[in-house]
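Listed below, chain by chain, are the residues.
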Amino acid sequence: MVGKGACSSDGVIYLDYLATTPCDPAVVEAMLPWFMQHPANAGSLHVPGRRAEEAVEQARAELAAALHVSPQELIWTSGATESNNLAIKGAARFLKEQGDKRRRIITVATEHKCVLESVRSLADEGFEPVILPVEPDGRLLPDCLEDALKTPALLVSIMAANNETGVVQDLASLIPLVKQAGALLHVDMAQMFGKLPCTLEGVDLASVSAHKIYGPKGVGALYVRRRPRVRLAPLLSGGGQERGVRSGTLPVPLIVGMGVAARLAVETQLAEADRLAGLRDRLWQGMRQLFPVVHLNGAPAPRLPGVLNICLPAGPEARQALALVPGVAFSSGSACSAASGAPSYVLKAMGLTDVEARRSLRLSVGRFTSAGDVECAVARFGQGFAGR
């Protein structure tokens, strides 16, 4: 049972919303008919196929409205990892094919692994990866980006909000620098979209994912600006779906779910942000009472409303903490890197030592978290760490 607030319950308190969110019941309800009652392929020309295509386009319109863009600027993908790969590799390869001589591709040391590895992998194709450092609060200094752009750059990729710390980059200061330099700008919006107001003004490519906004896993989208037009070399060979940019049979139920999830996220965004910020602050106060010298990673930078990344005082590492507090689901960093056991590269880029990074916990609340859940979670941390 996720999110049950009563501490007498055996249920687990879920505080790992940055890793993934539970599907909203309204999203599940919208998807169900498309699994059994309406199973047709959206590429088929018969009546059921046309009905499926209409559902796909309705979802595209819902997502476009939530992002304030044109539906024709959205490409369905399997999630943010594919969207990020398609944006970075697709843009770089297309421009190279067109004779563009620029080879520099710039990103930031705290980006998601799929962005960092996409950029680094292009070195094998003659591109120049540039990984910029961040300040101790996790933000990229405009002066640092401006200096890197003195060499003509083809593309810059900057995450809007970090997936471990929730730190929000100052895109309003960074975007003009990229535009003045004439480079394309890609923004990984997976954590930001639906949680805080955001704009794609000045952005050429942007990635979003359904499972970060209470939609299903396995579906996402890539925004590709039409005016001025951005073009991509496809990563996949196939039937030419999604205007030839992303081949593959469209997962109609998942797409329908993402459309509903996007609409709901934006409709409730402002009120939910205030509520989550209150829960986060309440959780922070509780943790400070338990651990008076606990440190908030990323302070004082602005961050997503539901996120805490904290470094515990001398004591057990985060992996040991997971065993000490089995009644609370939290993490020690990105779920994608959890199996490696290595200290968070994001926190190390912010200046934390290996020891400090290993003692850091990522706690994130969400739509189905209650005040009772927070109180119970703090109590369980107190019980788990008692006597240590």
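Residues numbered from 1 in each chain as written. Predicted model: local features only at pLDDT ≥ 70, side-chain atom pairs only at ≥ 80, totals over all residues. Heavy atoms only, no water.

To keep it simple, the criterion reads: UniProt positions are given in the numbering used here, feature names are shortened, and annotations may be inferred rather than shown by experiment.
Looking at an unreviewed UniProt entry, one finds the chain named Cysteine desulfurase and attributed to Bombella favorum. Word for word, the UniProt comment on the chain under Catalytic activity (unreviewed entry) is "(sulfur carrier)-H + L-cysteine = (sulfur carrier)-SH + L-alanine". According to UniProt, the comment filed for the chain under the heading Function (unreviewed entry) is "Catalyzes the removal of elemental sulfur atoms from cysteine to produce alanine. Seems to participate in the biosynthesis of the nitrogenase metalloclusters by providing the inorganic sulfur required for the Fe-S core formation."

1. Some points on the pattern of salt bridges
Using the following cut-off: The term salt bridge refers to a side-chain nitrogen of Lys or Arg lying within 4 Å of a carboxyl oxygen of Asp or Glu. Secondary structure elements follow DSSP: runs of H or I of four or more residues count as helices, runs of E of two or more count as strands, with numbering from the N terminus. Each residue is placed in one exposure class: buried if its accessible area under a 1.4 Å probe, protein chains only, is under 20% of its type's maximum, exposed if it is over 50%, and partly exposed if it falls in between.
The tally for this structure, following the rule as stated, stands at 20 salt bridges. With a closest N to O distance of 2.9 Å, arginine 367 and aspartate 24 form a salt bridge. Note that arginine 367 is positioned in the loop between strand E12 (360-364) and helix H12 (371-385) and aspartate 24 in the loop between strand E1 (13-14) and helix H1 (25-31), a separation of 343 residues in sequence. No difference in accessibility class separates arginine 367 from aspartate 24, as the two residues are buried. Note that glutamate 375 and arginine 282 form a salt bridge whose closest N and O atoms lie 2.4 Å from each other. With a gap of 93 residues between them, glutamate 375 in helix H12 and arginine 282 in helix H8 (residues 269-290) connect regions that are remote in the sequence. Classification of arginine 282 as partly exposed rests on a relative accessible area of 37%. Ionic contacts of the salt-bridge type, sharing partners, join the residues Glu57, Arg60 and Glu242 into one network.

2. Section: helix H2 (residues 47-67)
Going by this rule: One fewer than the residue count of a helix, multiplied by 1.5 Å, yields its expected span. Contact definition: two residues touch when any of their heavy atoms are within 4.5 Å.
The end-to-end C-alpha distance of H2, which contains 21 residues, comes to 30 Å, matching closely the 30 Å that a straight helix rising 1.5 Å per residue would cover. Considered for burial, the residues of H2 that qualify are Gly49, Ala52, Ala55, Val56, Ala59, Arg60, Glu62, Leu63, Ala64, Ala66 and Leu67. On its buried side, H2 packs onto strand E2 (74-77), strand E7 (205-209), strand E8 (220-224) and helix H7 (252-267). Histidine 68, located one to two residues past H2, shows a positive phi value of around 60°.

3. Some words on the environment of aspartate 281
Structurally, aspartate 281 can be placed in helix H8. Residues aspartate 281 and valine 307, spaced 26 residues apart in sequence, show a C-alpha to C-alpha distance of 9.3 Å.

4. Quick look at the packing of H2 against H7
Where we set the bar: Only the contacting stretch of a helix is used when fitting its axis, a line to C-alpha atoms as for every element, and angles between N-to-C directions run 0 to 180 degrees. For classification purposes, angles smaller than 35 degrees are called roughly parallel, those larger than 145 roughly antiparallel, those between 65 and 115 roughly perpendicular, and all remaining angles oblique. Less than a right angle of anticlockwise turn of the near helix away from the far helix marks a crossing as left-handed, whereas a clockwise turn marks it as right-handed. Throughout, the ten residues Ala, Val, Leu, Ile, Met, Phe, Trp, Tyr, Cys and Pro are labelled nonpolar, Asp, Glu, Lys and Arg are labelled charged, and all others, Gly among them, are labelled polar.
Two elements in contact, H2 and H7, have axes separated by 8 Å at closest approach and are oriented at 25°. Taken as axis vectors, H2 and H7 run roughly parallel relative to one another. Handedness of the crossing formed by H2 with H7: left-handed. For the pair H2 and H7, the contacting residues are Ala52, Ala55, Val56, Ala59, Glu62, Leu63 and Ala66 in the first and Val252, Ile255, Val256, Met258, Gly259, Val260, Ala262, Arg263 and Val266 in the second. When its residues are assigned to classes, the contact of H2 with H7 shows 13 nonpolar, one polar and two charged.

5. A closer look at the packing of helix H3 (residues 80-97) against helix H4 (residues 113-121)
Between H3 and H4, the least distance of the axes is 9 Å, while the angle of their chain directions is 30°. The pairing of H3 with H4 is recorded here as roughly parallel in orientation. Considering the relative orientation of H3 and H4, their crossing is right-handed. Contacts from Thr81, Asn84, Asn85, Ile88 and Lys89 in H3 reach Cys114, Val115, Ser118, Val119 and Ser121 in H4. Here the residues of the contact of H3 with H4 sort into four nonpolar, five polar and one charged.

6. Quick look at the sheet that holds strand E3 (residues 104-108)
Filter applied, for reference: Two strands make a pair as long as DSSP finds a minimum of two bridges between them.
Across the sheet, which stays open at both edges, the seven strands sit in the order E2-E8-E7-E6-E5-E3-E4 with mixed pairing between neighbours. One side of each edge strand has no neighbouring strand; the edge strands of this open sheet are E2 and strand E4 (128-132). Each neighbouring strand pair of the sheet contributes to a mean axis angle of 20°, computed without reference to strand direction. Taken together, the five bridges between E3 and E4 define a ladder with parallel strand orientation. Considered in E4, the bridge of arginine 104 is made with glutamate 128. Set on the sheet, H2 makes contact with E2, E7 and E8; between it and E2 the angle comes to about 115°.

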